Amino acid sequence: MTDRHDDLSPERAAEREEVLAKAGKAKDVARELVLSTEQKNALLTDAADALVAEAESILDANRRDIEAGRERGLDESLIDRLTLDTDRIEGIAGGLRQVAGLPDPVGDIVRGTTLPNGLRLKQVRVPLGVMGMVYEARPNVTVDAFGLAVKSGNVPLLRGSKSAVHSNTRLVEILQDVCARHGLPRETVQLLPCRTHDSVQDLITARGLVDLVIPRGGAGLIDAVVTGATVPTIETGTGTCHHYVDGSADIDEAVRLIVNGKTRRCSVCNSTETMLLDSALSDADALRVIEGVQAAGVTVHGDKGKLEALGAKDIVQATDEEWYDEYLSFDIACAVVDGVEGAVDHIKKYSSGHTEAISARDYRATEYFERNVDSAAVYINTSTAWTDGEMYGFGAEIGISTQKLHARGPMGLPELTSTKWVIHADGQVRP
């Protein structure tokens, strides 16, 4: 039988071999890596100091990525995500110090009991093992993933994008140097090749070597990883986030909340992408919501005829696809629905399961919304912008999970662990 990899070009075969070799080394490290909380914190603090000390070399590498990106015609929004400066490096280092200050989840007892026969059971948090990360332009994710992996006892295997290859390479070199100074293998953190997109497939199919893969990026990247992986993945999904304005809402407050959710940072996954207006609202109140959002510089898309019948102007006719998609820009979809039941039906059809919000003073409406909306985060009378691990008090996060198994919502350190059962006994045998 011909192996399915026999027809690979020499270059492609070498790339695959490199990915699997690094994954194997990461697995070896994960089997042996046992650090105390004090050792982890010292490592992260020293890594933060090293990044600041090496800022100039990091910026030199980053400039090479920016120049190459502009030559390839990268969008300026991607260039912005890619760009580092002294303040951003200080911020990245600060993130490591923040993680160093967080509680260590490894060894936490989740629950325990003593059985009538005297067996003493406890469920304890343990590292997942080798944690693969697939991500796009942001080089800060390289350091964030390292910090969160180390604190949760995991070994990060990083597959960044080609657009940030020089920045990521320099950052990982610095982190590896710090690991070596602490007596740890340099393979405690590794960067995978990104010469072709196929190296992602090599990572996400490395069963037995990689314990988990987390994708961070756009819908296309996330879908490719989740559907193509044979190792476990956590889907950090896209955010088609909705905000419903009930007939009982405080209109001024609702406008303020929607504007905050849309404009605070329109390119993030917790940005409000659709506002739903209760048909019970008066035309004047519905118009106040639309015009209030437009006054903040947001373009409203929707059923042009229905919204203009309310008195709205400058409405862009929405396509069927827009109800499912993230704008990630100063654009928002708008639909009129029949009460909270209609809002929930709309959300069930179009939502990505990330974040939904309701503005209402009627307890029956908020209670129905809370009970029937099945998303990772549901907000009552506040903005979708709160879906963030730091805002939840978790400190740093690795992403927002929109799936239901293992982790859901902002993923902090505990979500990067598994558990094992430890049973103490005094020689009992099972009858």
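Each chain carries its own residue numbering, running from 1 in the written order of its sequence. Two thresholds apply to this predicted model, a pLDDT of at least 70 for residue-level local features and 80 or more for giving and counting side-chain atom pairs, whereas whole-chain, interface and lining totals are computed over all residues. Processing note: side-chain calculations cover all non-hydrogen atoms of the structure and skip hydrogens and water entirely.

- The name that an unreviewed UniProt entry assigns to the protein is Gamma-glutamyl phosphate reductase, with the source organism given as Corynebacterium bovis.
- UniProt positions are given in the numbering used here, feature names are shortened, and annotations may be inferred rather than shown by experiment. According to its UniProt record, the protein has this under Catalytic activity (unreviewed entry): "L-glutamate 5-semialdehyde + phosphate + NADP(+) = L-glutamyl 5-phosphate + NADPH + H(+)".
- Taken verbatim from the UniProt record of the protein, the Sequence similarities (unreviewed entry) comment is "Belongs to the gamma-glutamyl phosphate reductase family."

With respect to unusual backbone geometry
- You will see that Asn 381, though not glycine, has its phi angle at about 60°, which is positive.
- Relative to the elements of secondary structure, Asn 381 occurs in the loop between strand S13 (377-380) and strand S14 (400-401).
- The rule is simple: take the accessible area with a 1.4 Å probe, protein chains only, and divide by the maximum for that residue type; under 20% is buried, over 50% is exposed, in between is partly exposed. The partly exposed category is assigned to Asn 381, whose relative accessible area is 23%.
- Unlike most non-glycine residues, His 406 shows phi in positive territory, near 70°.
- Secondary-structure assignment places His 406 in the loop between S14 and strand S15 (409-410). Strands are runs of DSSP state E lasting at least 2 residues, helices are runs of H or I lasting at least 4, and numbering of each runs from the N terminus.

Side note on the pairing of strand S12 (residues 355-359)
- For S12, the tally of buried residues reaches 5 of 5 residues, placing the bulk of the element in the interior.
- Side chains of S12 alternate between two faces, with Thr 355, Ala 357 and Ser 359 and Glu 356 and Ile 358 buried alike.
- The pairing criterion is simple: DSSP has to find at least two bridges between the two strands. One ladder, built from 4 bridges, connects strand S7 (residues 241-245) with S12; its direction is parallel. Considered in S12, the bridge of Val 245 is made with Ser 359.
- The sheet contact formed by S12 and S13 spans 4 bridges and is parallel. Across the sheet, the residue bridging to Ala 357 is Tyr 379, located in S13.
- When the strands point away from the viewer and the path from the first strand over the helix to the second turns clockwise, the crossover is right-handed. Considered for its hand, the β-α-β crossover made up of S12, helix H14 (residues 363-372) and S13 is right-handed.

Some points on the sheet that holds strand S16 (residues 417-424)
- What the 3 strands build is an open sheet, ordered S1-S2-S16; its pairing is antiparallel. Pairing within the sheet leaves two strands with one partner each, and these edge strands are strand S1 (109-114) and S16. Across the sheet, the axes of successive neighbouring strands diverge by a mean angle of 20°, strand direction being ignored.
- Examined bridge by bridge, strand S2 (residues 120-127) and S16 share 8 bridges and lie antiparallel to one another. When the bridges of S16 are listed, Arg 125 appears paired with Thr 419. Fitted lines through C-alpha atoms serve as axes, helices being fitted only where they are in contact, and the angles separating the N-to-C directions of these axes extend from 0 to 180 degrees.

Quick word on the side chain of Thr 240
- Relative to the assigned elements, Thr 240 resides in the loop between helix H9 (219-228) and S7.
- We define a polar contact as two N or O atoms separated by no more than 3.5 Å, with the added condition that, inside protein, one atom must be a possible hydrogen donor and the other a possible acceptor, whereas residues neighbouring each other in sequence contribute only through side-chain atom pairs. Within the structure, the side chain of Thr 240 is placed 3.0 Å from the backbone oxygen of Tyr 324, a separation counted as a polar contact.

Digging into the sheet that holds strand S4 (residues 155-159)
- In spatial order, the strands read S5-S4-S3-S6; together these 4 strands make up an open sheet with parallel pairing. This sheet does not close on itself; its edge strands, each paired only once, are strand S5 (190-191) and strand S6 (212-216).
- Two residues form a contact once any of their heavy atoms are found within 4.5 Å. Taken strand by strand, helix H1 (residues 10-32) contacts strand S3 (130-135), S4 and S5, and its axis lies near 160° from that of S4.
- Packed onto the sheet, helix H6 (residues 140-151) meets S3, S4 and S6 and runs at close to 160° relative to S3.

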